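Listed below are the residues making up each chain.
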Amino acid sequence: MASFIRQFTSSAVPPMASSTSNSFADIPIPSFIIPNSKSATWLCTAAAVVGTLLVLEQSVYRSKKKHLPGDPWTIPIIGKFADSMKPTMEGYMRQWNSGALSAISVFNIFIVMASSNEYARKILNSPTHAEPCLVHSAKQILMPDNWVFLTGKSHVEYRKVLNTLFTRKALSIYIGIQDAIARKHFSQWLADAQKDPSPQSIMMTARNLNMITSLRVFCGNHIPEHGAIEISEKYWDITQALELVNFPLAVPGTKVYRAIQARKVAMKWLELAASKAKTAIANGCEAECMIDEWVKELEAPGYKGRKDFSDREMAMVVFSFLFASQDAMSSGLIYGFQHLADNPEILAKIREEQYRVRAGDVEKPITLEMLEQMPYLKAFVKESMRVKPPVTMVPYKTTKAFPISDDYTVPANSMVIPSFYNSLHDPSVFPEHDKLIPERWLDPNSSANTNPRNYLVFGSGPHKCVGIEYATMNIGLVLATASVLMNWEHHITPESDRVQIIATLFPKDGCLMKFTPRPRP
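In short, a report on the structure. (Residues numbered from 1 in each chain as written. Predicted model: local features only at pLDDT ≥ 70, side-chain atom pairs only at ≥ 80, totals over all residues. Heavy atoms only, no water.)

1. Here we look at the pattern of salt bridges
Close approach of charged atoms lets side chains of opposite charge pair.
Next, step 1: In this structure the tally under the stated criterion is 18 salt bridges.
Next, step 2: For Arg183, the salt bridge identified is with Glu363, shortest N-O distance 3.7 Å. Highlighted residues: Arg183 in helix H9 (residues 168-195) and Glu363 in the loop between helix H15 (344-357) and helix H16 (368-371), separated in sequence by 180 residues.
Next, step 3: Here Lys349 ties to Glu439 by a salt bridge, and the two come within 2.9 Å at their closest N and O atoms. Of the two residues, Lys349 is situated in helix H15 and Glu439 in the loop between helix H18 (421-424) and helix H19 (468-485); the sequence distance between them amounts to 90 residues.
Next, step 4: Given the relative accessible area of 41%, Lys349 is considered partly exposed.
Next, step 5: For Glu439, a relative accessible area of 31% puts it in the partly exposed group.
Next, step 6: Three or more residues are tied together by salt bridges with common partners; here these are Asp179, Arg183, Glu363 and Arg520. (Salt bridge = Lys/Arg side-chain N within 4 Å of Asp/Glu carboxyl O. Helix = DSSP H or I, 4+ residues; strand = E, 2+ residues; numbered from the N terminus. Buried < 20%, exposed > 50% of the residue type's maximum accessible area, 1.4 Å probe, protein only.)

This is the structure in structure tokens:
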């Protein structure tokens with residue numbers, strides 16, 4: 001055996017001096033493994049540049065962050081993008097509770113989160129230092145010259161006339177439209193439930209109710225039925241693209257791209273409505289919707305504001321109102337249904353108030369005068385939106401260095417985001433803050449009523465929601481009428497109390513409800 005091994009070794013191992021170099025020389029080596037001097041220089045230069053940029057990125061982030069709570073280092077290039085793609089309330093609350101001010105970075109956008117009432121209000125009331133940007137894609141979708149992004153005199157000119165669209169006189173025009181559409185949709189809900197009695201998500205049905213209501217309140221019959229349907233069907237693309245973080249480029253296939261296409265469709269119909277409203281009012285017609293009221297107000301003898309609003313400018317305003325009503329109002333309405341189903345003692349009190357004010361006639365259309373006699377309903381709507389605020393934050397962009405506190409200045413061109421959630425759940429203002437207690441708003445001396453600065457559901461400052469009365473009236477009207485026409489049961493799932501964050505908050509399971517007709521009194 002040993003002789004065999006010696007023989008095999010002597011024959012298998014070639015002489016080192018002569019054959020090794022020849023055999024290796026015959027093996028082809030790819031050029032990228034042994035680069036020439038030019039490519040080697042290029043690779044080294046590229047590596048140095050990339051390394052320098054990465055180091056610079058971290059240095060800039062740490063320099064801007066300073067002592068604020070937040071990750072000491074940011075993930076190269078994308079930062080917190082992965083977390084932002086599927087945001088959770090638990091994740092947001094960890095960030096808010098890390099400090100009154102905290103820092104993150106997404107795609108090299110430096111972001112300061114403000115969770116305290118003091119800092120949130122300071123941002124909302126500092127138009128010389130910060131302007132609303134909503135989300136990164138908002139100006140692409142809503143258009144950069146939309147009134148919601150304007151500041152100073154131009155913004156004031158819009159608000160001057162828009163405030164007139166939510167007066168008692170204007171609301172009295174809208175309420176009849178709202179009541180009729182709500183009843184029509186409830187009939188359809190009950191018909192659908194009779195065909196399929198299993199619990200169904202009300203997320204899209206409530207959104208459809210709000211969309212049709214908003215379109216008819218804002219534009220009346222100036223938009224044909226097929227136009228209203230087209231807007232309603234495509235508007236969901238806009239909602240999805242207005243999440244806090246989305247892929248930033250509007251290339252085909254992305255949410256932002258689809259939203260822009262949907263906006264073009266909506267704007268076509270809304271500009272038509274503005275044009276037809278101007279014609280109708282010029283021909284002596286009475287105002288039958290919001291855009292009619294706008295045109296009529298411009299012609300009023302006592303009006304001294306701007307009058308030369310183009311069809312496009314009026315359409316952009318209505319488009320922004322659709323976003324607010326479609327998302328924030330839908331969130332408030334869906335949680336209203338869920339809160340009432342889960343708290344039958346509160347629903348019983350609302351029904352008792354409804355029967356008393358309506359004198360037992362549930363078919364009678366609701367009026368402003370009737371709503372004013374429903375303090376418990378009003379308190380419930382306010383409390384429901386406090387517990388589950390549709391909008392938990394509104395991103396702003398600093399136009400210059402913003403000295404937000406004694407020891408920290410937000411750099412210019414950063415995003416600064418006031419959060420409303422902690423203000424609305426401050427236990428010193430709202431005892432048992434996670435509990436639904438409408439009665440806290442019925443006592444004028446309660447801590448809730450004596451601390452109005454904490455109720456930031458509709459924001460604060462020069463960009464505070466202009467349609468507060470309309471939004472609360474619509475949610476209250478729908479829930480009030482539903483309470484006397486229908487019974488509903490909430491099918492509770494493990495995700496009923498979890499939150500899905502799109503542009504606003506919704507129950508993660510879509511809020512599964514079962515509706516049945518309610519006997520008349």
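2. Overview of the packing of aromatic side chains
Next, step 1: Considering all chains together, one arrives at 21 aromatic pairs under this definition.
Next, step 2: Taken together, the ring pairs in this structure connect Trp147, Tyr158, Phe166, Tyr174, Phe218, Trp294, Phe309, Phe321 and Tyr470 into an aromatic cluster.
Next, step 3: One residue, Arg62, lies across the ring of Trp73, its end atom 4.3 Å from the ring centre. (Phe/Tyr/Trp six-rings, centres within 6.5 Å; stacked < 30°, edge-to-face > 60°. Lys NZ or Arg CZ within 6 Å of the ring centre and 35° of its normal.)

3. Focus: helix H5 (residues 89-97)
Next, step 1: The complete set of buried residues in H5 reads Met89, Tyr92, Gln95 and Trp96. Along the axis of H5, the buried residues cluster in a sector spanning 125°; they form a single face. Among the exposed residues of H5, those pointing more than 90 degrees away from its buried face are Arg94 and Asn97.
Next, step 2: On its buried face, H5 is in contact with strand E1 (101-106), strand E2 (109-114), H18, strand E10 (499-501) and strand E11 (505-507). (Arc of directions from axis to C-beta. Contact = heavy atoms within 4.5 Å.)

4. Concerning helix H13 (residues 290-298)
Next, step 1: Burial of H13 is extensive: eight of the nine residues sit out of reach of the surface.
Next, step 2: If you check which residues of H13 are buried, you get Met290, Ile291, Asp292, Glu293, Trp294, Val295, Glu297 and Leu298.
Next, step 3: Those residues of H13 that are buried are in contact with helix H8 (152-162), H9, helix H10 (203-219), helix H12 (255-282) and helix H14 (311-342).

5. What about the nonpolar core?
Next, step 1: With 141 residues, the main nonpolar core has Leu162 and Phe337 as its most contacted residues.
Next, step 2: Top contributing element to this core by residue count: H14, with 14 residues.
Next, step 3: In this view, Phe337 contacts Phe186, Trp189, Ile202, Val478, Leu479, Ala482, Trp488, Met513 and Phe515; residues no more than four positions away in its chain are not counted. (Core = buried A, V, L, I, M, F, W, Y, C linked by side-chain atoms within 4.5 Å.)

6. Considering unusual backbone geometry
Next, step 1: In the Ramachandran plot, Met143 falls in the positive-phi region, its phi being about 85° despite a non-glycine side chain.
Next, step 2: Relative to the helices and strands, Met143 is located in the loop between helix H7 (138-142) and H8.
Next, step 3: Using a relative accessible area of 9% as the deciding quantity, one classes Met143 as buried.
Next, step 4: Notably, Ala359 is not glycine yet its phi reads approximately 55°, a positive angle.

7. Here we look at the sheet that holds E2
Next, step 1: Read from one edge to the other, the open sheet built from five strands follows the order E1-E2-E8-E5-E3, with strand pairing classed as mixed. If you trace the sheet from one side to the other, it starts and ends with E1 and strand E3 (130-132), each paired once. Going across the sheet, the axis of each strand differs from the next one's by a mean of 30°, ignoring polarity.
Next, step 2: This element, helix H6 (residues 117-124), spans E1, E2, strand E5 (396-398) and strand E8 (415-418) of the sheet and lies at about 125° to E8. (Pairing = 2+ DSSP bridges. Axes fitted to C-alpha atoms, helices over the stretch in contact; angles between N-to-C directions.)

8. Details of the pairing of strand E9 (residues 486-490)
In the case of a regular strand, side chains alternate between the two sheet surfaces.
Next, step 1: In E9, alternate side chains face the same way, and those of Met486, Trp488 and His490 are buried while those of Asn487 and Glu489 on the opposite face are not.
Next, step 2: With five bridges joining them, E9 and strand E12 (residues 512-517) adopt antiparallel strand pairing. Bridging across to E12, Met486 finds its partner in Pro517.

As far as function goes, none of this settles anything; it's purely spatial.
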